[in-house]
Amino acid sequence: MNIKQELSLYNTLTRKKEKFEPLSPPFVGLYVCGPTVYSDVHLGNCRTFISFDLIYRYLLHLGYKVRYVRNITDAGHLEGDRDEGDDKFAKKARLEQVEPMEIVQRYTLGFHEVMRAFNTLPPSIEPTATGHICEQIEMTKKIIENGYAYEVNGSVYFDVEKYTREHNYGELTNRKLEDLLENTRELGGQDEKKGRLDFALWIKAKPEHLMRWPSPWGWGFPGWHIECSAMSTKYLGETFDLHGGGMDLQATHHTNEIAQSRACSHQAPAKYWLHTNMLTVNGVRMSKSAGNGFLPEELFTGNHPLLEKGYAPMSVRFFMMQTHYRSTLDFSNEALQAAEKGFAKLMNAVKTMTQLKTSSSSTSNIQALTDQCYAAMNDDFNSPVLVAHLFEAVRIINSVNDGKESITTEDLKLLQQTVNTFVFEVMGLKSEQENQGTGNKALDTVMSLILAQRDEAKKRKDFAVSDQIRDLLLAGGISIKDTKEGTVWQLN
RNA sequence: GGUCUCGUGGCCGAGCGGUUAGGCAGAGGUCUGCAAAACCUUGUACAGCGGUUCAAAUCCGCUCGAGACCUCCA
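As the structure is a computational prediction, the values presented were derived from the model and not from experiment. (Residues numbered from 1 in each chain as written. Chains lettered and ligands numbered in written order. Predicted model: local features only at pLDDT ≥ 70, side-chain atom pairs only at ≥ 80, totals over all residues. Heavy atoms only, no water.)

(A) How the structure looks around the pattern of salt bridges. Counted under the stated rule, the structure contains 18 salt bridges. Linking Asp 159 and Lys 194 is a salt bridge whose minimum nitrogen-to-oxygen distance equals 3.8 Å. With Asp 159 in the loop between strand 6 (155–158) and helix 5 (160–166) and Lys 194 in the loop between helix 6 (177–183) and strand 7 (199–204), this residue pair connects regions lying 35 residues apart in the sequence. Arg 262 is the salt-bridge partner of Glu 171, the closest N and O atoms lying 2.6 Å from each other. (Salt bridge = Lys/Arg side-chain N within 4 Å of Asp/Glu carboxyl O. Helix = DSSP H or I, 4+ residues; strand = E, 2+ residues; numbered from the N terminus.)

Written out as structure tokens, the structure reads:
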């Protein structure tokens with residue numbers, strides 16, 4: 001059997017789950033819209049990239065040769081829907097009295113730091129918009145040549161009306177053009193656009209614009225959507241396998257990407273479109289503008305009014321794995337603390353698994369468990385179901401450890417392989433507590449001395465002393481547990 | 001207003017026509033000097049009202065409620 005052939009995923013384009021069939025296996029092209037680096041990424045942004053990290057990791061695990069492209073948007077992005085809006089980078093740069101590229105550098109580094117904390121794999125290519133101005137200009141030229149764009153006063157706009165004569169502009173959101181037209185806001189008075197739905201491919205730079213490049217239409221900068229079309233085409237081709245991003249990008253950004261690519265190359269850019277759902281706080285979407293977001297740093301330290309305490313990156317990652325990527329995930333301290341405990345339980349079992357005793361027979365069907373794990377991931381990357389199966393593995397591990405169940409050497413090997421594969425390789429989790437035993441030799445020495453003293457006290461049934469040692473250690477941030485194999489300790 | 005999604009036990013969250021989801025919290029028990037951990041047992045939930053069906057949380061309709069997109073945002 002070939003588990004690879006069992007993978008199915010939900011395609012936004014067709015609104016149903018489809019069997020995954022790469023255009024030219026074993027190669028897979030994956031493009032994900034990355035962050036706009038004019039401010040810190042918040043937890044909601046992270047969720048999308050962590051979701052795609054899971055997808056990327058699973059595709060790799062299945063043996064695909066994946067080229068994962070995730071861009072950095074470091075140019076343009078007009079504020080609001082008016083052409084006279086500010087460039088976000090220029091605006092922020094003015095506010096902070098620095099060069100726009102200083103803004104870009106600072107938040108790009110910050111983004112990478114956060115991604116590393118969450119243990120995401122770096123993409124194969126991480127292209128920047130400013131590094132691909134030529135490609136964007138060339139693409140814009142081609143779209144004009146093909147008759148789908150027009151120039152007005154040094155700016156270039158995409159002609160949606162022309163496009164809709166041959167294509168279905170609203171295919172990704174299943175919307176009718178009439179509805180779109182009806183519900184689009186009235187634009188400002190002296191607008192350069194011919195049609196209400198038209199959007200900019202190239203924008204003429206005003207004197208105050210700091211980031212600007214020469215083009216056939218004069219000095220300016222690219223429109224927001226063209227960068228992704230240009231970069232995905234450059235690195236993955238005119239048609240590639242998977243295109244992903246947050247659901248909020250579906251209606252505008254991705255709709256326009258499809259239109260641009262079709263108008264340029266007459267090809268649909270991606271075979272499958274994947275959209276991740278939003279992170280919410282008290283039921284409302286976390287977003288920069290709503291002001292209900294918090295930064296990963298605040299989450300880790302607990303330094304935020306919404307947070308009762310700090311949460312380790314891996315607990316947060318596990319928290320996200322417990323929800324399907326297409327469902328909204330509501331943040332709460334209660335839910336996060338539940339995830340934290342569940343994660344600790346999982347990691348403890350993983351540790352226990354390395355020292356299990358084997359028997360001549362198994363009381364559990366490990367192969368069936370393994371199959372269920374694959375079935376879960378093959379069903380549109382259903383990590384919550386995967387987690388449920390892994391907790392069945394946890395139960396088995398603990399039961400065997402307690403001598404209540406048994407496992408053969410072969411089954412144990414399979415169990416270890418399965419658990420390690422899905423916990424570390426696929427879900428990208430890692431053990432949070434590296435402080436036990438390792439590293440601090442002095443502390444280890446002191447602890448073994450103290451625990452030996454306590455053991456002595458216990459032997460002569462001087463429980464007042466042994467309990468006092470335990471309480472004092474706990475007050476000092478060290479918790480100990482008496483097990484059959486002796487006393488173990490860890491820093492809290 | 002238009003398009004669409006969702007409403008599951010104390011909390012988080014799967015399932016989407018018939019089989020135990022799972023985690024956290026709670027209750028009882030085993031183990032233990034005590035504690036912790038671990039294990040076992042336990043709750044019979046699907047917004048409401050109709051309909052289809054032998055059978056519905058799962059399909060259809062209506063009502064109520066929440067949210068998203070349509071405007072920068074992953």
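Picking up after the structure, the text goes on.
(B) Spatial organisation of the packing of aromatic side chains. By the definition in use, this model includes 18 aromatic pairs. Taking the centre distance of 5.6 Å and the plane angle of 35 degrees together, the rings of Phe 318 and Phe 343 count as tilted. Placement of Phe 318 in helix 10 (residues 313–321) and of Phe 343 in helix 11 (residues 333–353) is noted, with a sequence separation of 25 residues between them. Pair check on accessibility: Phe 318 and Phe 343 agree, each one buried. (Phe/Tyr/Trp six-rings, centres within 6.5 Å; stacked < 30°, edge-to-face > 60°. Buried < 20%, exposed > 50% of the residue type's maximum accessible area, 1.4 Å probe, protein only.)

(C) Quick peek at the sheet that holds strand 11 (residues 279–281). Spatially, the three strands line up as an open sheet ordered 12-11-13, and their pairing is mixed. The sheet is open, and its two borders are formed by strand 12 (284–285) and strand 13 (329–331), each paired with just one other strand. Relative to strand 13, strand 11 runs parallel, the two sharing three bridges. Bridge pairing in strand 13 places Thr 280 opposite Asp 330. (Pairing = 2+ DSSP bridges.)

(D) Spotlight on the protein's contact with RNA strand B. If you check the shell around RNA strand B, you find 65 residues, and the closest are Lys 88, Trp 224, Gly 246, Arg 285 and Met 286. Counting only the atoms of RNA strand B within 4 Å of the protein, the fraction contributed by sugar and phosphate is 61%. Backbone polar atom of Gly 44 to a base nitrogen of RNA strand B: 2.9 Å apart, as the coordinates give it. At a separation of 2.8 Å, a phosphate oxygen of RNA strand B approaches a polar side-chain atom of Arg 395. (Near = heavy atom within 4 Å. Polar contact = N/O pair within 3.5 Å; in protein donor to acceptor, adjacent residues only side chain to side chain.)

(E) Highlighting the domain arrangement of chain A. Partitioning chain A into domains gives domain 1 (17–276), domain 2 (280–426) and domain 3 (441–491). Of note, the centres of domain 1 and domain 2, computed from C-alpha atoms alone, are 33 Å apart. Facing the 31 residues of domain 1 at the interface are 34 residues of domain 2. For the domain 1 and domain 2 pair, buried surface summed over both sides reaches about 2900 Å², with 66% attributable to carbon and sulfur atoms. Among the residues of domain 1 in contact with domain 2, Leu 43, Arg 47 and Tyr 58 are the three that bury the most area, contributing 26% of the side total. Linking domain 1 with domain 2 are three salt bridges. With a closest N to O distance of 2.8 Å, Arg 285 and Asp 248 form a salt bridge. Where domain 1 packs against domain 2, one counts 13 residue pairs in polar contact (both at pLDDT 80 or more). (Domains from an automatic or database assignment. Contact = heavy atoms within 4.5 Å. Buried area = accessible area lost by both parts, 1.4 Å probe.)

(F) Main features of the packing of helix 10 against helix 11. Contact geometry of helix 10 with helix 11 gives a least axis separation of 8 Å together with a crossing angle of 100 degrees. Classified by the angle their axes make, helix 10 and helix 11 are roughly perpendicular. Listed contacts from helix 11 to Met 314, Ser 315, Val 316, Phe 318 and Phe 319 of helix 10 are Ala 335, Leu 336, Ala 339, Glu 340, Gly 342, Phe 343 and Leu 346. Looking at the contact of helix 10 with helix 11, its residues break down into nine nonpolar, two polar and one charged. (Axes fitted to C-alpha atoms, helices over the stretch in contact; angles between N-to-C directions. Parallel < 35°, antiparallel > 145°, perpendicular 65-115°, else oblique. Nonpolar A, V, L, I, M, F, W, Y, C, P; charged D, E, K, R; others polar.)

(G) Just the sheet that holds strand 4 (residues 65–70), in detail. Pairing is parallel across the open sheet formed by four strands, whose spatial order is 4-3-9-10. In this open sheet, the two strands that pair with only one neighbour each are strand 4 and strand 10 (270–276). On average, adjacent strands in this sheet sit at an angle of 20 degrees to one another, irrespective of strand direction. Pairing analysis gives six bridges linking strand 9 (residues 240–246) to strand 10, with the strands arranged parallel. When the sheet's bridge partners are listed, His 243 is paired in strand 10 with Trp 273. Of the strands in this sheet, strand 3 (27–32), strand 4, strand 9 and strand 10 touch helix 1 (residues 43–61), which is tilted by about 165 degrees from strand 4.

(H) Quick peek at unusual backbone geometry. Residue Pro 26 follows Pro 25 across a cis peptide bond; omega there is 5 degrees. Tracing the backbone shows Pro 26 in the loop between strand 2 (16–19) and strand 3. A positive phi angle is found at Arg 15, which is not glycine, with a value near 60 degrees. Relative to the assigned elements, Arg 15 resides in the loop between strand 1 (8–11) and strand 2. Taking relative accessible area as the criterion, Arg 15 reaches 43% and is therefore assigned partly exposed.

(I) Layout of the side chain of Asp 198. Checked against the element boundaries, Asp 198 lands in the loop between helix 6 and strand 7. In this structure, Asp 198 is buried with no salt-bridge partner, the nearest side chain bearing the opposite charge being Lys 194 at 6.5 Å. A polar side-chain atom of Asp 198 sits 2.9 Å from the main-chain amide nitrogen of Gly 195. Look past the residues within four positions of Asp 198 in its chain and what remains in contact with it is Tyr 150, Phe 158, Asp 159, Val 160, Glu 161 and Lys 193. (Lys, Arg positive; Asp, Glu negative; His and termini not counted.)

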